[in-house]
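# Close look at the chain arrangement
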Amino acid sequence: MNRLFLFLLFAALFACNRHEAPRKSNLMYYHDPATGKEKQVKTMADWDVKRAEIQDSIEAIMGPLPPLENLPPLNIRYTDSLVTPDYTRYTIWFTAAENEDVPAYLYLPAGKKSGRKFPAMLALHPTGDPGKAIVDGAAKPDRAYGKELAQRGYVVIAPDYPSFGDLKNYDFKHDRYLSGSMTGIFYHIRSVDVLESLPFVDKERIGVIGHSLGGHNAMWVASFEPRLKLIVSSCGWCEHDYFDIGPAPDNEEFRGSGRLWGDAQERYYPLLRDKYNFDDHAVPYQWYEVIGLLAPRPFFSHSPVNDDNFNVEGVRVGIEKGIEAYHFFNAEENLCVLYSDVGHNFGDSRWKAYTWIDSVFHYKPNE
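Attention in this report is confined to the structure presented alongside it. Predicted, not measured: the structure shown is a model, and the values here were computed from it. (Residues numbered from 1 in each chain as written. Predicted model: local features only at pLDDT ≥ 70, side-chain atom pairs only at ≥ 80, totals over all residues. Heavy atoms only, no water.)

This part covers the overall build of the protein. For the protein, the count of helices and strands is 9 helices and 11 strands. Surface summary for the protein: the accessible area is close to 15500 Å², and the carbon and sulfur share equals 50%. (Helix = DSSP H or I, 4+ residues; strand = E, 2+ residues; numbered from the N terminus. Areas by Shrake-Rupley, 256 points an atom, 1.4 Å probe, with all protein chains shown as cover.)

Following this line, the structure appears as C-alpha cells:
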C-alpha cells in the first residue's frame, strides 16, 4: 500500500470520526421478506436482501432499470478520429437499445501490443453543453480527466449524458424511461459493454470517474453495475439535508420546490416533483445507502470543504454512516475521502485520484 493511499485513508477516517457522537443509521438493517420485521444484517444473504431494498428505493424515484438481457448488438460506428502521440481519440456511436444510439469519445492507447490487456475507465462528464467534450478539455482544465487518463495509458470511454453534447436535443417526454438519471444509468452500463467488447481491455480493471453531474452518475451506475471495480466521484454528492444549489427559478414548474428543485428537472428525476411533491423528507433513498451499494469496492470521494453545492458536512455524515457497509466487508481501507481546500472543482486533486486509480489497479502509467 503506497504512502499516498495511506495518507488519503487517514484523512478520510479522521474526518469521519470527528463527530462527537455516532448518528443512527439503518444501513445494516433490512426487512425480513417472510415476516416484514426489521433485522440486522449479519450474513451475505442478509446483505443481498438489503442491497435489493436500496436498489428498489432508487428505482422508486428514478423508474425501473430496463432489462439487460436480449439487447441488440452494440453496432459500434467510428465517425471521426484524432491521433496524438499518446492515444487515438475516436468519436463513436453505439446502440444501447432498439432505436437508442449513444455518442461517445473512445480513447485507445498508442502502440497497443499484441495480447496486452489495458485497464479502462468510464469517464462521465459534468453539467455543460459540450457534454463529453468537457472531459477532453473543452471547458475548465481540471475537467479533462478523460483525456488525461488516456494520456496515462488507459482505455477510456466518455459518453454524452442526455441533453448535452450530441444528445442536446434528447426528448425526455417521449422516451421509455421515467427519469433522465435512469436513462444515464442504462447508457453507462452499455458503455461498459463497449469496453468489454474490446479484446485489449482487462475486464477485471474497469472503473468509473466523474465530476459533479458525472460524480453522482458514477455512483449511480456503480450501484447497479458490479463490473465497475472502482469508483471516483468528485463534487458529486452529499446527504439531502445539506444539498443546496440556490433558489429555484420563479416559474410554475418549480414554484414551492425548495432546495431540491435541481434534482427534479426532466434530465434528472422528475418523479421528485410529480410523485414526491418536492418533499426532501420523502426521498426514498439516502446517499449513505448508495455508498453501501458500492462496498466493498474501492471508492474515492473528492469532497471539497468549500463546495457550495454539496456541503461537506453532508458528506461527513454520509461517510460516517456508509462506512458501516465497509466495516461489514472488512474493507475499510477501500473507502477513501479527500477533503481538499477548494470549491466546486476537481482542481489538482484529480492527480491524486489518478495515482489512487493506478494503485488500486496495480498499474504503472504508460508501462
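Our focus in this paragraph is the sheet that holds strand β3 (residues 77–83). Strand order in the open sheet formed by 9 strands is β3-β4-β5-β7-β6-β8-β9-β10-β11, and the pairing between neighbours is mixed. The outermost strands of the open sheet, each flanked by one partner alone, are β3 and β11 (335–338). On average, each strand axis in the sheet is tilted by 20° relative to the strand beside it, whichever way the strands run. Note: strand β6 (residues 118–124) against strand β7 (residues 155–159), 3 bridges, orientation parallel. In the sheet register, Ala120 faces β7, and the bridge partner there is Val155. Against the sheet, helix α4 (residues 180–197) makes contact with β4 (87–97), β5 (100–109), β6, β7 and β8 (201–211), and its axis sits at roughly 125° relative to β4, the strand it touches most. Together, β6, β8, β9 (230–234), β10 (299–302) and β11 form the strand contacts of helix α9 (residues 349–360), whose direction differs from that of β9 by roughly 175°. (Pairing = 2+ DSSP bridges. Axes fitted to C-alpha atoms, helices over the stretch in contact; angles between N-to-C directions. Contact = heavy atoms within 4.5 Å.)

Another point: the side chain of His188. Here His188 shows up in helix α4. Contact partners of His188, with chain neighbours within four places excluded, come to Leu122, Leu124, Pro159, Tyr161, Asn217 and Val221.

Here is the key point about a regular strand: its side chains alternate between the two faces of the sheet. For β8, the tally of buried residues reaches 9 of 11 residues, placing the bulk of the element in the interior. Bridge count between β6 and β8: 6 bridges; the pairing is parallel. Residue pairing in the sheet places Leu122 in a bridge with Val208 of β8. Relative to β9, β8 is paired through 5 bridges, and the arrangement is parallel. (Buried < 20%, exposed > 50% of the residue type's maximum accessible area, 1.4 Å probe, protein only.)

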